[in-house]
Amino acid sequence: MIVEGLKAGYKLQTIGSSEEVGVYVDAVSGVSFTLYRNEVFGIAGESGCGKSTLIKAVYGYYEPSLVLRGGSARIYGAKGEEFDTTRMDRGLLEKRVWWKHMSYIPQSSMNVLNPTMRIRDHFAEILRIHVGMKKGEAYQEARKYLEEVGLPVDALSAFPHQLSGGMRQRVVIALAILLEPSLILADEPSSALDVINQKVALTLLREKQEALKNTLVIVSHDMGVHGVLTHRMAIMYAGKIVEIGRTADIFWKPLHPYTKALIESLPRLGDKSKRVGLSGSPPDLKKPPDGCRFHPRCPYAMLICSRAEPSLREIKEGHYTACWLYSEAVGEPR
Ligand code: SF4
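Values in this document were obtained by computation on a predicted structure and should not be read as measured data. (Residues numbered from 1 in each chain as written. Predicted model: local features only at pLDDT ≥ 70, side-chain atom pairs only at ≥ 80, totals over all residues. Heavy atoms only, no water.)

1. Remarks on the packing of helix H3 (residues 119–131) against helix H4 (residues 135–148)
Where H3 meets H4, the axes come as close as 8 Å, and the angle between the chain directions of the two elements is 120°. H4 is crossed by H3, and the crossing has right-handed handedness. Facing Arg120, Asp121, Phe123, Ala124 and Leu127 of H3, the residues of H4 in contact are Lys135, Ala138, Tyr139, Glu141, Ala142, Tyr145 and Leu146. Of the residues in the contact of H3 with H4, the class split is eight nonpolar, no polar and four charged. (Axes fitted to C-alpha atoms, helices over the stretch in contact; angles between N-to-C directions. Helix = DSSP H or I, 4+ residues; strand = E, 2+ residues; numbered from the N terminus. Left-handed = near helix turned anticlockwise from the far one by under 90°. Contact = heavy atoms within 4.5 Å. Nonpolar A, V, L, I, M, F, W, Y, C, P; charged D, E, K, R; others polar.)

In structure tokens:
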């Protein structure tokens, strides 16, 4: 998958006003990255940094007020079919791309499950639309997938509200892998679950990715989840990717001052000293700062940082950052 210059955000209207007041929240601001087959890719950052908006935009899931402003998101099917989700309307995405080539696990499983439909009919619907499978056969298939994610077959005849949050999340994972898509996008897939179900859901996702050898994107504010699950990851700050690299490099040799602060604030085994967090708060995306968006909080900020925006550049093999501390000539901090 190749994402280039993706821009998306929220167009706000004053309550009670029928006129647009022109307030725009710049949630995803010219984001580019490439995903590879057979990898788990993480997207991390504080809440409100745009990571959930980014995957909604990649998926083409434009709820009211979320608007696309530019760029492209090209995904590739198992046989090399190419789809640019930014150029397709919802009907076409539902018919040709969603579930089959790309599936999405949102933060709340109830956003995927229809409360008026039994679990088995969720499976039957997807199999009917994409494979033309008849109901009886689809129910058999659903049974197989539910067993695969460790759920009792009784769950097939239940309505979503009759299952626990953990069970619903497993149903959504089973739906997401049903047609073996090349790309699965999971937004905080464990955040609404208790500790035991969190472990179950994350282990399940990793096992399925290993079996399918496809691409799994995990969005999480929890660096621990990325440390355990992902091969590579991106760090987002205020609507932009500020660093991309192998997860081990991000944890052990972070480049960007924001990433360094994130890693510094993590608890360490056996270290009882108080971890120091970043001072200040992320900028208002209705009016983001000029230059590097991190400059009001950055301990290394220089004059240029408030005047010009650094671009994402490869500093070491496969390790990119957007920061003026790294010059093209020497590739090391000045
Ligand atoms: Fe800090 Fe400047 Fe680098 Fe931004 S570009 S992270 S302000 S040093």
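2. Focus: the pattern of salt bridges
Scanning all chains against the criterion turns up 14 salt bridges. Between Arg293 and Asp26 there is a salt bridge, with its nearest N and O atoms 2.6 Å apart. In this pair, Arg293 sits in the loop between helix H9 (257–264) and strand S11 (313–316) while Asp26 sits in strand S2 (residues 20–34), placing the two residues 267 residues apart along the sequence. With respect to burial, Arg293 and Asp26 carry one shared label: buried. Of the charged contacts, one joins Arg87 and Asp84 as a salt bridge, the two residues approaching to 3.8 Å between their closest N and O atoms. Within this structure, Glu4, Arg74 and Glu82 form a network of salt bridges that share partners. (Salt bridge = Lys/Arg side-chain N within 4 Å of Asp/Glu carboxyl O. Buried < 20%, exposed > 50% of the residue type's maximum accessible area, 1.4 Å probe, protein only.)

3. Some remarks on the site of the ligand
The full set close to the ligand counts 13 residues, and Cys292, Cys298, Cys305, Cys323 and Trp324 are the nearest of them. Here the shell around the ligand is composed, by residue class, of eleven nonpolar, two polar and no charged. (Near = heavy atom within 4 Å.)

4. Quick notes on the confidence of the model for the protein
When pLDDT is averaged along the protein, the result is 90; 93% of the residues meet or exceed 70. Below pLDDT 50 for its whole length, residues 329–334 participates in eleven contacts with residues either more than four positions away or in separate chains. (pLDDT = per-residue confidence, 0-100.)

5. A few points about the sheet that holds S11
One open sheet accounts for eight strands, arranged S6-S7-S8-S3-S9-S10-S12-S11; its pairing is mixed. A strand with exactly one partner marks an edge of an open sheet, and here the two such strands are strand S6 (102–105) and S11. Along the sheet, successive strands turn relative to each other by an average axial angle of 20°, direction set aside. Across four bridges, the pairing between S6 and strand S7 (residues 183–187) is parallel. By the bridge assignment, Tyr104 is partnered in S7 with Leu185. Those strands touched by H9 are strand S9 (232–237) and strand S10 (240–246), and its axis lies near 105° from that of S9. (Pairing = 2+ DSSP bridges.)

6. Structural notes on the packing of aromatic side chains
The final tally for this structure, using the stated rule, is nine aromatic pairs. Relative to Phe41, the ring of Phe33 lies with its centre 5.6 Å away and its plane at 5°, an arrangement referred to as stacked. Residue class for Phe33 comes out buried when judged on its relative accessible area of 6%. A relative accessible area of 0% means that Phe41 is categorised as buried. Aromatic side chains Tyr59 and Trp98 sit 4.5 Å apart centroid to centroid with 5° between the ring planes, which places their arrangement in the stacked category. On the criterion of sequence distance, the pair formed by Tyr59 in helix H1 (residues 51–59) and Trp98 in the loop between helix H2 (90–97) and S6 is long-range, its members being 39 residues apart. (Phe/Tyr/Trp six-rings, centres within 6.5 Å; stacked < 30°, edge-to-face > 60°.)

7. Details of the pairing of strand S8 (residues 215–219)
With five of five residues buried, S8 is to be regarded as a mostly interior element. Residue alternation in S8 divides its side chains into two sets, Thr215, Val217 and Val219 and Leu216 and Ile218, and both sets are buried. In this structure, strand S3 (residues 39–44) lies alongside S8, joined through five bridges in parallel fashion. Bridge pairing links Gly42 to Ile218 in S8. Summarising the sheet, S7 and S8 pair through five bridges and their orientation is parallel. Within S8, the position partnered with Asp187 by the bridge is Val219.

8. Considerations on the nonpolar core
One finds Phe33, Leu54, Met102, Phe123, Val171 and Leu185 to be the most contacted residues of the largest nonpolar core, which totals 75 residues. Here this core gets seven residues from one element, more than from any other, and that element is helix H5 (residues 165–177). If sequence neighbours within four positions are ignored, Phe123 has contacts with Ala142, Tyr145, Leu146, Val171, Ala174, Leu175 and Leu178. Listed in part, the 16 residues of the second largest apolar core include Tyr237, Val242, Ile250 and Cys292. (Core = buried A, V, L, I, M, F, W, Y, C linked by side-chain atoms within 4.5 Å.)

9. Quick word on H3
Over its 13 residues, H3 extends 18 Å from the first C-alpha to the last, a length consistent with the 18 Å expected when each residue adds 1.5 Å. On its buried face, H3 sits against H2, H4 and H5. Backbone geometry just after H3 places Gly132 at a positive phi near 70°. (Expected span 1.5 Å × (residues − 1).)

10. Some remarks on the environment of Ala248
When you line up the elements, Ala248 lands in helix H8 (residues 247–252). Accessibility expressed as a relative area gives 49% for Ala248, which makes it partly exposed. Each C-alpha atom, one on Ala248 and one on His231, is 7.9 Å from the other, the two residues being 17 residues apart in sequence.

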